[in-house]
Amino acid sequence: MAKQIVNAPREAVTDGLLDIADQQRLERFLTFEAALMDEHQYDAWMALWEGEDICYWVPCNDDDQDPATGIAIIYDDRRQLEERMMRLKDKTAHAFRPRSRMIRSVNGVVPVRVGDGELEVASSFVLGEIRVGVQNIWLGKCLYRLRDTGEDFRILSKKVMLLNNDEAMPNLTFLV
Amino acid sequence: MTTLIASSRDYGALVKEDRVHSDIYTDAQIFDDEMERIFHRTWLFALHESEIPRHGDFKLLQLGRFPVIATRDADGDIQLLINRCRHRGAQVCEAMRGHAKRFQCWYHGWTYDSKGDLVGVTGAEAYDENFDPKDHGLTLVPRVDSYRGFVFASFNPEVTDLSAYLGATLKYIDIMVDASPIGELEVKPGVVTRTRYRGNWKQVGMDGYHPHYVHMSVFKIFSQRESTTGSAVGALHLEDPFDDRSSSRTRGFPHGHSCLDFREQRRPHADEYIEELERSEDGQRYVADMIDAHGEEHARELIAWHGDPHLGLFPNVQLIHDHVRVVIPRSPGETEVLMYPVFLKGVGDTINEKRLRAHEAFYGPAAAGSPDDAEIFERTQRGLIADQSPWVLLARGRHRERRDEDGSLVACISDEVTQRVQMQEWKRLMSDR
């Protein structure tokens, strides 16, 4: 799962593709995104996405599965993601009530490709989730496609590769 | 003949015509009896033959308490082998799936082929002439049979024939298979959503009463769409299939099988779905090929039915919408659900991709439907522990069910016929001597 970093250009893991200030700005952005997910700030999180052609993808079984022939845990375009937001907010979506309490740690933020105002960024997270007396630990790698606005970033696509995506898993009723 | 250890429980007293005692969902001893008396005695769904297409392909299964290797042998036959070395008992296969013509036990190196025959004993000279490797092959699951690619197994050599066991449900299985113009399905190896919930396995039933409540959030979203054509949810169109005034029906068959029968409710909507299909080249070809294969009248209804028999085969499999769902009981309060999307053979790629997207939007751990089901099953398990008033009511619609010509009991869509037939079969098997 770490192959995005393993296969990145050497420069991405030596000097890095961003200068220190931009790298820090990027890490703050991903920390902010994680905080919005932890705090169930759905509208604010949704506002981080840009464009109609977005893709929010959590593959199942295999990180590299072809979505044309393989199943996904989440494979949302903008319309589906907006419907997901409606469900996350809906008091009759029982699996989301009560809401999970979460803390996640984002780390290993490595831009693996930078150009034309866009970045491809690999990162990883550890997520503790507690709901109705049961604590689950979720781990995963992310691969983002971001647009740099100069001030902050916008998400064009996000792929989340869960460590347990080929195992029997409980409900995933929050954002990852 | 395997003998059953006598149970101390009176299962007749726990399962009435219109109610069941909550112990059957929570009691560990009853769960042990279920494994022995149901899962190790009746037919279980094993796998779809397309999951192991070539010689050497294998897949691990959990059938009742037993780990089983499904293989495709050199003759092209499917073998179900108990995953236990005949020497000291270690599992000989650990990979969930793959390709191997030999299985070697890494305790002492004994080797078996894809028929289960013992083909290698390390240091064989240490055994005398009375040792015959033929006596020590991997144990075969005694009964294996299939219907249109769906492979079933039983540990009971004297179990009734599969076709008699499935009975009138066979024509519902056809609904799923004949959605392919060449009458063939594909279940892709390793393409499966695996979920688990902290609740009893019998919660996964056929229930036409729950959607308005458990899935209310989904209905709200649908009500904002102009069309739900092609959706994975029961509503292939905006007319509510879960309304008791609709022509949807619930059916209970002998041996505990059950069905939410949407055939009549969907049949009038063939034009809408055909119209949508014909917007694409693959869809046009699909409609034409279906008519060639089945004739116009049957093709139209098959298209309207969307390949969805909505059928539950007791005790461990359901064919719902675009997927095969396998239920694996782990303990009284812990269940795994495996959902395998079904691909149609003989159709354009975009047809299958659309079915896959519709399936995963509703089914899976983060999808629109499954999490709410799992949540309610967990709430039920927490509630059932409180057995001060122990009865669980399954009486809905008893006064309005009737026996259909195919032998099934049929009633309105929200009636609990399905639960009643499941529990009567449960009682029959659990009370067996």
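Computed from a predicted model, the values in this text were never measured in an experiment.

Quick look at the overall build of chain B
Broken down by element type, chain B carries 13 helices and 23 strands. Taken over the C-alpha trace, chain B has a radius of gyration of 23 Å; the compact-globule value for 433 residues is 22 Å, and the two agree within 12%. The burial tally for chain B puts 59% of its 433 residues in the buried class. In chain B, the share of contacts with a sequence separation of at least 24, taken over all contacts with a separation of at least 6, comes to 65%.

As for the sheet that holds strand β2 (residues 44-48) of chain B
Within a sheet, each strand pairs with its neighbour through backbone hydrogen bonds, oriented either parallel or antiparallel. All names here are of chain B. The sheet built from three strands is open, its strands ordered β2-β11-β10 with antiparallel pairing. Edge strands, defined here as strands with exactly one partner in the open sheet, are β2 and β10 (143-147). In this sheet, adjacent strand axes meet at a mean angle of 30° when their direction is disregarded. Taken together, the five bridges between β10 and strand β11 (residues 150-154) define a ladder with antiparallel strand orientation. In the strand pairing of β11, Ser-146 is matched with Val-151.

Points about the packing of helix α10 (residues 281-305) of chain B against helix α11 (residues 349-362) of chain B
Residue and element names in this part refer to chain B. Direction vectors running N to C along α10 and α11 enclose 100°, while the axes themselves pass 8 Å from each other. Regarding the angle of α10 to α11, the classification is roughly perpendicular. Contacts between α10 and α11 involve Asp-282, Gly-283 and Tyr-286 on the former and, on the latter, Asp-349, Thr-350 and Ile-351. Here the residues of the contact of α10 with α11 are counted per class, giving two nonpolar, two polar and two charged.

Remarks on the layout of surface pockets
All names here are of chain B. Of the voids in this model, the largest pocket is the one considered here, and its volume is about 1000 Å³. Lining the largest pocket are 49 residues, with Gln-203, Asp-207, His-210, Asp-373 and Phe-377 sitting closest to its centre. Counting residues per element, the ones that place at least two in the lining of the largest pocket are β13 (193-197), α6 (211-214), β17 (317-320), β19 (334-341), α12 (370-384), β21 (391-393) and α13 (417-430). Residues of the lining of the largest pocket, tallied by class, amount to 28 nonpolar, 15 polar and six charged.

What to know about the packing of aromatic side chains
Here the structure, examined in full by the defined rule, presents 22 aromatic pairs over all chains. When the ring of A:Trp49 is compared with that of A:Tyr56, the centres are 5.8 Å apart and the planes differ by 65°; the resulting orientation is edge-to-face. Linked through ring pairs, A:Trp45, A:Trp49 and A:Tyr56 together constitute an aromatic cluster. A cation over a ring is seen here: B:Arg88 above B:Tyr107, with NZ or CZ 5.6 Å from the ring centre. Here B:Lys188 stacks its cationic end above the ring of B:Phe343, 4.6 Å away from the centre of that ring.

Some details on the interface of chain A and chain B
Taken together, the contact between chain A and chain B spans 35 residues of the former and 39 residues of the latter. A buried area of about 3100 Å², summed over both sides, lies between chain A and chain B, and 50% of it is on carbon and sulfur atoms. Across the contact surface, chain A and chain B share three salt bridges. The shortest N-O distance in the salt bridge between A:Arg131 and B:Glu375 comes to 2.9 Å. The interface formed by chain A and chain B includes 20 residue pairs in polar contact (both at pLDDT 80 or more). Elements that contribute at least two residues to the side of chain A that touches chain B include exactly β2 (72-76) and α5 (78-89) of chain A.

Comments concerning α10(B)
All names here are of chain B. A rise of 1.5 Å per residue sets the reference length of α10, with its 25 residues, at 36 Å; its end C-alpha atoms lie only 21 Å apart and thus fall more than 12% short of the reference. Along α10, the sharpest change in direction is near 120° and occurs at Gly-295. Of all the positions in α10, only Asp-282, Gly-283, Tyr-286, Val-287, Met-290, His-294, Ala-299, Glu-301, Leu-302, Ile-303, Ala-304 and Trp-305 are classed as buried. Where α10 is buried, its residues contact α5 (170-177), α8 (263-266), α9 (270-277), β20 (343-344) and α11. Two or three places before Gly-283, at the start of α10, stands the capping residue Ser-280, its side-chain oxygen 2.9 Å from that residue's backbone nitrogen. Phi for His-306, located one or two positions after α10, is positive at around 65°.

A closer look at unusual backbone geometry
Cis geometry is adopted by the peptide bond preceding A:Pro98, which originates at A:Arg97 and carries an omega value of -5°. With respect to the helices, strands and loops of the structure, A:Pro98 is situated in the loop between α5 and β3 (101-115). The omega torsion of the bond from B:Phe314 to B:Pro315 falls at 5°, within 30 degrees of zero and hence cis. On the secondary structure map, B:Pro315 appears in the loop between β16 (311-313) and β17. Positive phi outside glycine occurs at B:His306, with the angle close to 65°. Tracing the chain through its elements places B:His306 in the loop between α10 and β16. What makes B:His306 buried here is its relative accessible area of 7%. Of note, the phi angle at B:His321 is positive, near 50°, even though the residue is not glycine. By the secondary structure assignment, B:His321 is in the loop between β17 and β18 (323-331).

Thresholds, definitions, all that
- Residue numbers here run from 1 along each chain, matching the order of that chain's written sequence.
- Chain letters start at A and ligand numbers start at 1, both assigned in the order the entries are written.
- Only residues with pLDDT of at least 70 get local features here, since the model is predicted, and only at 80 or more are side-chain atom pairs given and counted; chain-wide, interface and lining totals rely on the full set of residues.
- Note that water and hydrogens are dropped before the side-chain values are worked out from all heavy atoms of the structure.
- Runs of E in the DSSP output that reach at least two residues are strands. Runs of H or I that reach at least four are helices, and both are numbered from the N terminus.
- The quantity called the radius of gyration is restricted to C-alpha atoms. Its globule counterpart is 2.2 Å times the number of residues to the power 0.38.
- We call a residue buried when its accessible area falls under 20% of the maximum for its residue type, exposed when it is over 50%, and partly exposed in between, using a 1.4 Å probe and counting protein chains only.
- Here, two residues are considered to be in contact whenever any of their heavy atoms come within 4.5 Å of each other.
- DSSP calls a pair of strands paired once it identifies at least 2 bridges connecting them.
- A fitted line through C-alpha atoms represents every axis, and for helices the fit uses only the stretch in contact; the resulting angles, taken between N-to-C directions, go from 0 to 180 degrees.
- In this scheme, roughly parallel covers angles under 35 degrees and roughly antiparallel covers those over 145, while 65 to 115 is roughly perpendicular and the rest are oblique.
- When residues are sorted by character, Ala, Val, Leu, Ile, Met, Phe, Trp, Tyr, Cys and Pro go into the nonpolar class, Asp, Glu, Lys and Arg into the charged class, and all the rest, Gly among them, into the polar class.
- Buriedness for pockets is judged along seven lines, at least five of which must meet protein on both sides within 12 Å for an open set on the 1 Å grid over protein atoms alone, while cavities are sets there where a 1.4 Å probe fits but cannot get out, and lining residues have an atom within 4 Å of a point.
- Grid points are joined across faces, edges and corners, and a volume is the space filled by probe spheres set on the points.
- Centres within 6.5 Å are what make two rings of Phe, Tyr or Trp a pair, Trp counting through its six-membered ring; a difference in plane orientation under 30 degrees is then read as stacked, over 60 as edge-to-face, and the rest as tilted.
- Only when the NZ atom of a Lys or the CZ atom of an Arg is both within 6 Å of the ring centre and within 35 degrees of the ring normal do we say a charge sits over the ring.
- The term buried area denotes the loss of accessible surface (1.4 Å probe radius) that occurs when two parts are joined, taken as the sum for both partners.
- Only one rule defines a salt bridge in this text: a Lys or Arg side-chain nitrogen within 4 Å of an Asp or Glu carboxyl oxygen.
- Identification of polar contacts relies on pairs of N or O atoms within 3.5 Å, with a donor-acceptor requirement for protein atoms, meaning one able to donate a hydrogen and the other able to accept it, and with residues adjacent in sequence counted only if both atoms are side-chain atoms.
- The span one expects for a helix is its residue count, reduced by one, times 1.5 Å.
- Given a residue, its bend is the angle between the two axes fitted to the seven residues that end at it and to the seven that start from it.

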